[in-house]
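Remarks on the overall topology
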Amino acid sequence: MATVVAFHAHPDDEVVLTGGTLARAAAEGHRVVVVAATDGRVSNDDVDRLSELRSSARILGAHRVECLGYADSGFGPEFPADPPGRVRFARAGIAEAAGRLAAILREEDADLLLSYQPNGGYGHRDHVRVHQVGKRAAQMAATPRVLEATMPREMLTWIAHAAHALRLPAPYGRDVVRTAYSPGASITHRINVFGYARQKRDALAAHRSQISASAAGERLFGALMRLPPQVAGLMLGREWFVDPALPPGRVYRDIFG
């Protein structure tokens, strides 16, 4: 059996990008470790989201949860100052943050690190930092393999257009989608997680503070929870990764392949 460490920017990212894959790995007997770079708080007065992360990880079957202790850097053109007593992740020194992650990778003798792509998926400064820190940490800890979580850009483009036409909230705006994540042809791993869609949906529900943060989020999640299991499985039943060490072309069906 193998040990996989999933490195994410914020609580809830572990579900959105890799929830089904982690649930599948745990169900198959592999050791699953979730590491969040930040506690998800932009302000020190924000809700503590680490309890939600622990609940989500428990639903997915993870064996260990850690947080590197940085503050959320926020999304948008303005980069807020560091909150009192804490450093925003996107301002953290890459070597220092990588050292914290590398210590976990060594302690776990990790076989595989799940991280992000250089563009951070959709350009969030913390997600870009995850790529930079994850890459350095894997080198420091001599972790054999790294997979970068992604989504097919063509699929996101279709979703954005459909949501706009139906006047529904979309996960990403059409301007963001143009350069988000990866073209389908560059994806090296497409993982079938249809059988773990219910776990993924339940883990997402654990992040209640994020769901209730906006009326649009409440509506979108409410609609997802009302879907029949088969339909939810179709929507949540695939996850994607890029192995930067492999040329595109062949598509693997298992993260350990």
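Scroll up to find the structure this text is about.
Residues numbered from 1 in each chain as written. Predicted model: local features only at pLDDT ≥ 70, side-chain atom pairs only at ≥ 80, totals over all residues. Heavy atoms only, no water.

This part takes up the packing of aromatic side chains. Taken as a whole, this structure holds three aromatic pairs when the rule is applied. Ring geometry for Y70 versus F89: centroids 5.4 Å apart, planes at 45°, classification tilted. You can see Y70 sitting in strand β3 (residues 64-70) and its partner F89 sitting in the loop between β3 and α3 (94-108), a full 19 residues away along the chain. For the pair shown, Y70 and F89 are each scored as buried. (Phe/Tyr/Trp six-rings, centres within 6.5 Å; stacked < 30°, edge-to-face > 60°. Helix = DSSP H or I, 4+ residues; strand = E, 2+ residues; numbered from the N terminus. Buried < 20%, exposed > 50% of the residue type's maximum accessible area, 1.4 Å probe, protein only.)

Moving on: the side chain of E108. Along the chain, E108 falls in helix α3. Here the side chain of E108 touches R31 through a polar contact of 2.6 Å, side chain to side chain. (Polar contact = N/O pair within 3.5 Å; in protein donor to acceptor, adjacent residues only side chain to side chain.)

The next thing to look at is the pattern of salt bridges. Across all of its chains, the model carries 13 salt bridges by this definition. Note that R64 is salt-bridged to E108, the shortest N-O span being 2.8 Å. Linking R64 in strand β3 with E108 in helix α3, this pair joins segments that are 44 residues apart in sequence. Assigned by exposure class, R64 and E108 land together as buried. Ionic pairing is found between R145 and D243, a salt bridge with its closest N-O pair at 3.6 Å. Here the residue R145 occupies a position in strand β5 (residues 145-150), and D243 occupies one in the segment after β7 (238-242), the gap between them amounting to 98 residues. Take R145: its relative accessible area is 23%, and that puts it in the partly exposed class. Among the charged side chains, a network of salt bridges with common partners joins R31, R64, E66, E107 and E108. (Salt bridge = Lys/Arg side-chain N within 4 Å of Asp/Glu carboxyl O.)

A positive phi angle, near 105°, is found at D12, a position not held by glycine. By the element assignment, D12 lies in the loop between β1 (3-8) and α1 (13-27). Note on D12: relative accessible area 15%, which makes it buried. A positive phi is found at A142, a non-glycine position, where the angle reads about 55°. Residue position: A142 is located in the loop between α5 (125-141) and β5.

In a regular helix each residue adds 1.5 Å, so 15 residues correspond to 21 Å; α3 covers 21 Å between its end C-alpha atoms and thus fits that length. Along α3, the residues classified as buried are A97, A98, L101, A102, I104, L105 and E108. Along its buried surface, α3 packs onto β1, β2 (31-38), β3, β4 (112-116) and α5. Note on α3: the residue one or two positions beyond its end, D109, has a positive phi of about 50°. (Expected span 1.5 Å × (residues − 1). Contact = heavy atoms within 4.5 Å.)

Following both chains from N to C, one finds α1 and helix α2 (residues 50-60) inclined at 40°, their axes separated by 8 Å at the closest point. In terms of orientation, α1 and α2 fall into the oblique class. Between α1, through E14, V15, G19, L22, A23 and A26, and α2, the contact on the second element is made entirely by L53, S56 and L60. A breakdown of the residues in the contact of α1 with α2 according to their chemical character gives six nonpolar, two polar and one charged. (Axes fitted to C-alpha atoms, helices over the stretch in contact; angles between N-to-C directions. Parallel < 35°, antiparallel > 145°, perpendicular 65-115°, else oblique. Nonpolar A, V, L, I, M, F, W, Y, C, P; charged D, E, K, R; others polar.)

A few words now on the sheet that holds β1. Judged by pairing direction, the sheet is mixed, and its seven strands sit side by side in the order β3-β2-β1-β4-β5-β7-β6 without closing on themselves. Looking at which strands have only one partner, the edges of the open sheet turn out to be β3 and β6 (189-192). Within this sheet the neighbouring strands show an average axis-to-axis angle of 25°, counted without direction. As defined by bridge partners, β2 adjoins β3 across five bridges and the pair is classed as parallel. Across the sheet, the residue bridging to V33 is R64, located in β3. Docked against the sheet, α1 engages β1, β2, β4, β5, β6 and β7, running at close to 100° with respect to β7. (Pairing = 2+ DSSP bridges.)

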